[in-house]
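Chains, contacts and geometry: an overview
The chain contents come next:
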Amino acid sequence: MDVLDVARWQFAITTVYHFLMVPLTIGLSIVVAVMQTAWVRTGKAHYLAMTKFWGKLMLVNFAMGVVTGIVQEFQFGMTWSAYSRFVGDVFGAPLAMEGIVAFMVESTFLGLWIFGWSRLPKRVHLACLWAASLASTASAYFILSANSWMQHPVGIQLVDGKPQLTSIWALLTNNTAIAAFTHTVSGGFAVAGTFLVGISAWHLWKKHKLSAVDDADRKVWSASLKLGAWIGMVAFAAVALTGDTQGKLMFQQQPMKMAAAEALCHTEAPASFSIFAYGDVSRPDCENVKSITVPALLSFLAHNDFSTEVKGVQDLIPLYEQKYGHNYPVDPSLGALSGQPIDYVPDLPVTYWGFRFMIGFGGIAAGAALLALWLTRRGRIPRTKWFPRLALLSIATPFLANSFGWIFTEMGRQPFVVVPNPTGVDGVFMYTAQAVSPGVSAGQVLTSLIALTAVYGVLAVVEVFLLVRYAKAGVAGVMPPADEKKSDDDVLAFAY
Amino acid sequence: MDLPTLWFWVIAVLWTGYFFLEGFDFGVGMLTRLLARDNTERRVLVNTIGPVWDGNEVWVIVAIGATFAAFPPWYATMLSAEYLPVLLILLALIGRGVAFEYRGKVDSDRWRRGWDLVILLGSWIPPLGWGLVITGVATGLPIGKDGVLVGGLGALFTWPAVLGALALAGFSLLHGSVFVALKTDGEIRHRAHALALRFGPLLLLPMAALLVLVQVRQGGLVTIVIAAVGLLAGAGALVRLAAKREGQAFALLGLVIAAAVMSLFGSDFPAIISSTVDPSFSLTVANSASSPYTLGVITWVAAFGTPAILVYQGWTYWVFRKRISAAHIPPVHVP
């Protein structure tokens, strides 16, 4: 394996892993802030219990999101230093802004919230959680505007062969960034929604399936389930709408990615949408692919019109070659790829199936949320075991949908790390093969790949173990025993 | 002062802030084995920094992010040349952050012992690593064309860099001891004070040696004065510590780290990373800075953001200003 392959694997593993924590953090922290707001406004005990219970799960996950995020900020310099030199003038700015404006707020106010119970006035304490959760959403915005610039570079001019920022405003209002941000945040709420539904449904079934007693715990779970299901429903609608916007932008900005997502080899007008393909989708000539399709839907998805032509992979290749050349530049830093023909077609099975898994798993999760709402209408509690099982399993589905979406969007832009903007400044693009650090050996990157993967693996086991433990324990696990009296000079309302 | 020069010093200030703030919380982490006698005392130590360590850590995120935005070649060269030390730092920070949060989540001695080890390693490795990296960068490395390190891993262990690693670790341990003396009550407070007093001179020795070595090698008049201020502040901190004025000692230690970072950064100025292979490969403030527009953008963001950060982080320290002791530690309550 050469440095490029190892570096790409490392980036993929660390990013997808980090992105398991991020959506839950964003969604759940705002949901907990809403619960605490309800408690501060109404004083009802079950809102406090909800805040404490879901807040504890949020914190177990938050810690992992923070520490895995640090790796992201460093690895551009470690393994992608040629990339960092090329784009630093543009790409560094949103990262610095994220640190100064968002991450500082998030980390500081989260500490205040964790330790501030009963040390801070109620409203101030609540404001700390709002600050931390909104700042983590703002973090996502800055990071996604940096990433979206790689997908669709705007706000720049070309100086001495390098992009130079001319408008930070253009970068922050990049249509790609706004679409990606709304889509990702909706995805975060979808994750939080199914998380609430799954765990609440299990508790309701476990303790309350046979009893009609309306105790405090039951209130916690039924309210959480309702809240989660509604959040899920709204979030999935938003995911679909924003995904549609994002798709339309991608057809304009990265036609090859969308053609690959559809395994659309030849231009069609009207183009049909492939639901499911069998045969070998990895060949760009599609010789063996049979596909179940919906006629004209792809034209609509691409251009809001049922008859417009959508270009296929085979017809896009010559267009890319004409614009960006047939061969890689002759440059020793490109190693074996130097002077070789450029393959403009991204990995077809990954993009094709990534796209389908994203939509499919999202759809399953949405269905589970809807089902939960129906089965628990007017305070009913399902007595059969299949429903809580299904609800628990469905927790995994929006995570999978998010991961596949992320993999699809990153793999789909290959061979570029900075994708040329079809209507932007000519010449601003970068091949992934050029981006990797010169002078860093495959051995070094392999060392870090193995070390990070091993540590991440262990931490994944620990996080899931703790989440399950706290989720199972329910409210009793997070509320102090009732007989514990608090003194006035309580220095530590909460302690590690 | 032009914008590139301003940002060079802003980054120096960010590192100062990081070493000052996270310095003491690294020190507290290092002390969990040296100072605490049982689990309750270990919890006292961890909880002195519980509400603030995460906010302290962000200073390094901002320092690195600002370097990326203001001087991309600096960011790219430093992190790729110092690949393995930076990797170790990252692994340590990952484990440490999770350990604080997870340590008390299960009531089992084995569980706690495991995380305590992670806290210990996670608190020793970053100051050693950052000391090595920052001193190495500030005193020159064998950097070839395109910021590629010539000479492998061994080339990173120059004398000043090794001294820098010891200096920052020693400083952090002392800084942490003084912080514990300031922040706790009861027996542990006196033990922390005694430890700081007894080992203070030894812990500051590498820092003093580093300041002298760097000034002898590459100092100018201004940086020599700054380094001298640092040495005096270190001596002053030890004197005030002996007089049981821990707050003053803590503040003087802040002056020590500020002087150390400023004299280190300043003695190579306007070079950022001097190449010991060929001066034409050196990164300088002029040849590494981003465009005036980008620098202007982040200057505005920093101009509004930094005062806010200082206010709300300062407020955090005010909210959690009370001393804590073993008596304040609530019983373990876990599922």
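Residues numbered from 1 in each chain as written. Chains lettered and ligands numbered in written order. Predicted model: local features only at pLDDT ≥ 70, side-chain atom pairs only at ≥ 80, totals over all residues. Heavy atoms only, no water.

Things to note about the overall build of chain A
When helices and strands are tallied, chain A shows 15 helices and six strands. Since a compact globule built from 496 residues should have a radius of gyration of about 23 Å, the 24 Å found for chain A is in line with a globular shape. Buried positions account for 58% of the 496 residues belonging to chain A. In chain A, of all internal contacts separated by at least 6 residues, the share reaching a separation of at least 24 is 77%. When the accessible surface of chain A is split by element, carbon and sulfur atoms take 65% of a total near 19300 Å². With 34 positive and 31 negative side-chain charges, chain A shows a spacing of 17 Å between the two charge centroids. (Helix = DSSP H or I, 4+ residues; strand = E, 2+ residues; numbered from the N terminus. Rg over C-alpha atoms; globule rule 2.2 N^0.38 Å. Buried < 20%, exposed > 50% of the residue type's maximum accessible area, 1.4 Å probe, protein only. Contact = heavy atoms within 4.5 Å. Areas by Shrake-Rupley, 256 points an atom, 1.4 Å probe, with all protein chains shown as cover. Lys, Arg positive; Asp, Glu negative; His and termini not counted. Charge placed at Lys NZ, Arg CZ, Asp CG, Glu CD.)

As for the interface of chain B and chain A
Taken together, the contact pairs 72 residues of chain B with 81 residues of chain A. Taken together, the connections running from chain B to chain A amount to 21 residue pairs in polar contact (both at pLDDT 80 or more). Listed by contribution, the elements that provide at least two residues to the side of chain B that touches chain A are α2 (39–49), α3 (53–70), α4 (72–81), α5 (83–102), α6 (109–139) and α12 (292–319) of chain B. Considered class by class, the residues forming the side of chain B that touches chain A number 48 nonpolar, 16 polar and eight charged. (Polar contact = N/O pair within 3.5 Å; in protein donor to acceptor, adjacent residues only side chain to side chain. Nonpolar A, V, L, I, M, F, W, Y, C, P; charged D, E, K, R; others polar.)

Regarding empty space enclosed by the protein
Within the structure shown, the criterion is met by eight cavities of 30 Å³ or more. Taken as a whole, the largest cavity spans an internal volume of roughly 680 Å³. Considering the residues around the largest cavity, the lining is formed by 33 residues, among which H18, V22, G69, Q72 and I143 of chain A are closest to the centre. Elements with a contribution of two residues or more to the lining of the largest cavity: α1 (3–42), α2 (45–79), α3 (81–116), α4 (122–151) and α13 (396–411) of chain A. Broken down by class, the residue content of the lining of the largest cavity amounts to 18 nonpolar, ten polar and five charged. Of the voids in this model, the second largest cavity is the one considered here, and its volume is about 140 Å³. Looking at the second largest cavity, it is lined by 16 residues, and the ones nearest its centre are L110 and Y496 of chain A together with W53, D54 and E101 of chain B. Secondary-structure elements contributing two or more residues to the lining of the second largest cavity are α2 and α3 of chain A together with α3 and α5 of chain B. Residue composition of the lining of the second largest cavity, grouped by class: ten nonpolar, four polar and two charged. (1 Å grid on protein atoms, 1.4 Å probe; cavity = no way out; pocket = protein on both sides within 12 Å on 5 of 7 lines; lining within 4 Å. Points joined across faces, edges and corners; volume = space filled by probe spheres on them.)

Some points on the packing of aromatic side chains
All names here are of chain A. The final tally for this structure, using the stated rule, is 61 aromatic pairs over all chains. The interplanar angle of 35° and the centroid separation of 6.0 Å between the aromatic rings of Y344 and F416 together place this pair among those described as tilted. On the criterion of sequence distance, the pair formed by Y344 in the loop between α10 (313–324) and α11 (348–375) and F416 in strand β5 (residues 416–418) is long-range, its members being 72 residues apart. The class of Y344 is buried, set by a relative accessible area of 2%. On the basis of relative accessible area, F416 is assigned to the buried category, the value being 3%. Taken together through their ring pairs, the aromatic side chains of Y320, Y324, Y328, Y344, F416, F429 and Y431 make up a single cluster. (Phe/Tyr/Trp six-rings, centres within 6.5 Å; stacked < 30°, edge-to-face > 60°.)

Section: the nonpolar core
Membership of the largest hydrophobic core comes to 249 residues, with the highest contact counts inside it found for W54 and Y83 of chain A together with W15, W74, W130 and F265 of chain B. For this core, the leading source of residues is α3 of chain A, giving 20 residues. When sequence neighbours within four positions are dropped, the list of residues in contact with W130 of chain B reads F74 of chain A together with W15, Y18, F19, V60, I64, I89, T135 and L168 of chain B. In this structure, M258, F273, A302 and F355 of chain A belong to the second largest nonpolar core, which totals 13 residues. (Core = buried A, V, L, I, M, F, W, Y, C linked by side-chain atoms within 4.5 Å.)

Digging into the layout of surface pockets
Taken as a whole, the largest pocket holds about 1200 Å³ of empty space. Lining the largest pocket are 45 residues, with A82, R85, F86 and K162 of chain A together with D146 of chain B positioned closest to its centre. Split into classes, the residues belonging to the lining of the largest pocket amount to 19 nonpolar, 16 polar and ten charged.

Section: the packing of α2 of chain A against α4 of chain B
Across the interface, α2 of chain A lies against α4 of chain B with an axial gap of 6 Å and an inter-helix angle of 85°. The angle between α2 of chain A and α4 of chain B falls in the class roughly perpendicular. On α4 of chain B, the residues touching E73, F74, F76, G77 and M78 of chain A of α2 of chain A are Y75, A76, L79 and S80 of chain B. Residues that form the contact of α2 of chain A with α4 of chain B fall into these classes: six nonpolar, two polar and one charged. (Axes fitted to C-alpha atoms, helices over the stretch in contact; angles between N-to-C directions. Parallel < 35°, antiparallel > 145°, perpendicular 65-115°, else oblique.)

Considering the pairing of strand β1 (residues 156–159) of chain A
Residues and elements named next belong to chain A. Note: β1 against strand β2 (residues 162–165), four bridges, orientation antiparallel. Considered in β2, the bridge of V159 is made with K162. Joining the antiparallel neighbours β1 and β2 is a turn of two residues, in which D160 adopts a positive phi near 50°. (Pairing = 2+ DSSP bridges.)

Considerations on a nonpolar patch on the surface
Residue and element names in this part refer to chain A. Where nonpolar side chains cluster on the molecular surface, the patch consists of I275, F276, Y278, I292 and V294 and spans about 450 Å² of accessible area. Broken down by secondary-structure element, the contributors of at least two residues to the nonpolar patch are β3 (273–278) and β4 (290–294). Examining the composition of the nonpolar patch, we find that three residues originate from one element, β3, more than from any other. By relative accessible area, which is 41% here, F276 ends up partly exposed. (Patch = residues over 30% accessible without salt bridge, like charges linked within 9 Å, V, L, I, M, F, W, Y side chains within 5 Å. Salt bridge = Lys/Arg side-chain N within 4 Å of Asp/Glu carboxyl O.)

Quick notes on the confidence of the model for chain B
All names here are of chain B. Mean pLDDT over chain B: 93, with 100% of residues reaching 70 or higher. Mean pLDDT values over the elements of chain B span from 90, in strand β1 (residues 271–273), up to 96, in helix α7 (residues 159–183). Both scores are available for the predicted complex, with the pTM at 0.93 and the ipTM at 0.92. (pLDDT = per-residue confidence, 0-100.)

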